[in-house]
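Each chain, written out:
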Amino acid sequence: MTTAAATQPNPLPSRFYAKADDARAFAARILVANGLPEEDAGAVADCLVRADLRGVDTHGLQYLPHYLKRVRGGLINAKPSLSLQKVTPVAGLLDGQNAFGFVVATRAMAEAIDMAREFGIGLVSARRSTHFGMAACYVLQAVEAGFISLVFTNASPAMPPWGGRQALLGTSPLAAGVPSGSEVPYVLDMSPAVAARGKIRRAAKLGQEIPLGYALDAEGRATTDPNAALNGGVVLPIGGPKGSALSMLMDILGGILSGAAYAGDVANQFEVFDRPQDVGHFFLAIKPDLFVTREEFLQRMDTLVRRVHDCPKAEGFEEILMPGEMESRLEATRKRTGIPYNAIDVAALQKEAANAGQPPLVIANAPLES
C-alpha cells in the first residue's frame, strides 16, 4: 500500500486503486474540513463512492474538487437547515437551500419512505437543489429499506428537443427500484441521452474521442470531438423523439411541479458561477404490500427475475441480466479489488487533501485482490 502526493512526478502507474472505506473516509474528511457537518459529509461521500463502486465514475469521487470549488464560491450551501413542508399526509415539499444535491436527495427519499411506511405511499418534491450525482443511490436507499421507488430530476440544458440543434433539455435521469426476495432487485438508472455529459467531459479530460452519434457540434453536425460537443454543441436523445419526450417529463416532474428552474433555466454547474443551479427533484416511495402480501410480492418479483434470466438467449448473448445487475456485480468486485482511479484524478484529490490539511487518499499501484 502506498500514498501518492500531488507533487510527485509521474513515475507511478497511470491507474491506482483505493479501498471503498478509505475513499469514503477521505471524502468525508475533506468535506468536513470545507464546512459540512459530519452527517452531511457522510451522505455526500457515500453517494460519490457508491457511484465509483458501481462503475458510474462520471458521478464519483473525481468530481469532489469541482464540488468543493462551488462550496468555496458560495454556490453550494455547506450547512443547510432542511425541513419538510407537509402538503398532504403523503406529499411534502423540501426546500434544498442550495445544499449538496446528495444531502437534499438522501433526506427527501428518507421522508418519502417514512410516509410510505405509514400510509403506503410517499411523495417528496425538492427545489433549490444542486446536482445529486448517481440517481441509483436513492432508489437503492429505498430498495434496501424494502420499498418500490421512482426518482426523477431535471438538469441544465445539454440536449435539444428532437429535431433541434440548440440545448434546451437536460440529460435528466429516470430511475426506479423494486425489491425482490432471494433474487436480484430491479434497479433502473438511465439518461434520456445517448451518453451522459460526464462521459464526454471525461473523454475531453483524457484526450479521447467520443463515438459518432453521441453529440453534435455548434453547427449541428455529428462529431467525435468531445470539446466540440462541450463548446456550443449538444448531446443527442436516445431513441430520437422518445428520449426527448422523457427528458421533458423529467423537467415537468422535477422542475415545473416543484417550483424549481425549468425549460433551460437550470444553471450549468461547470459553466455558471454567478448563481446557484436551482435543480428540482422528484421522489416517490411505495409500499410493496399495498395490494398483495409482502411475501407474495417478493415471490412474484423472484419469478419475474428467474424468467428473465432463463429466457432463451439470442445469438451472441451468453446471459440475460436485470437492470442494475451488471452494476451490482461490479460493486461486489470493486469492494474486493479496490476502486480504480486515474492519475489525473488522484493528483487533484491529493491536492484538495493537502489544501485542507488532511491525510492523502491511501492508494495502491495494483488491484488489492484479484
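Data block above holds the structure.
Residues numbered from 1 in each chain as written. Predicted model: local features only at pLDDT ≥ 70, side-chain atom pairs only at ≥ 80, totals over all residues. Heavy atoms only, no water.

## Some details on unusual backbone geometry
And step 1. At Gln-97, a residue that is not glycine, the phi angle is positive and equals roughly 55°.
And step 2. Tracing the sequence through the fold places Gln-97 in the loop between strand S4 (91–95) and helix H4 (101–119).
And step 3. Unusually for a residue other than glycine, Ala-263 sits at a positive phi of about 50°.
And step 4. Its location among the elements puts Ala-263 in the loop between helix H8 (241–256) and strand S12 (279–286). (Helix = DSSP H or I, 4+ residues; strand = E, 2+ residues; numbered from the N terminus.)

## So, the pairing of strand S6 (residues 148–153)
And step 1. Where burial is concerned, most of S6 is hidden: five out of the six residues are buried.
And step 2. Two elements, S6 and S12, share six bridges in a ladder whose sense is antiparallel. By the bridge assignment, Leu-150 is partnered in S12 with Leu-284.
And step 3. Bridge count for S6 against strand S7 (residues 174–178) is four bridges, and the pairing is antiparallel. Its bridge partner lying in S7, Phe-152 is registered against Leu-174. (Buried < 20%, exposed > 50% of the residue type's maximum accessible area, 1.4 Å probe, protein only. Pairing = 2+ DSSP bridges.)

## Describing the packing of aromatic side chains
And step 1. Within this structure, the stated rule accounts for eight aromatic pairs.
And step 2. Centre to centre, the rings of Tyr-67 and Phe-102 are 5.4 Å apart; their planes meet at 90°, and the pair counts as edge-to-face. Residue Tyr-67 is found in helix H3 (residues 64–72), and its partner Phe-102 is found in helix H4; the two are separated by 35 residues along the sequence.
And step 3. Aromatic rings pair up to connect Tyr-67, Phe-100 and Phe-102 into one cluster.
And step 4. One cation-aromatic arrangement involves Lys-69 over Phe-273; the distance from NZ or CZ to the ring centre is 4.9 Å. (Phe/Tyr/Trp six-rings, centres within 6.5 Å; stacked < 30°, edge-to-face > 60°. Lys NZ or Arg CZ within 6 Å of the ring centre and 35° of its normal.)

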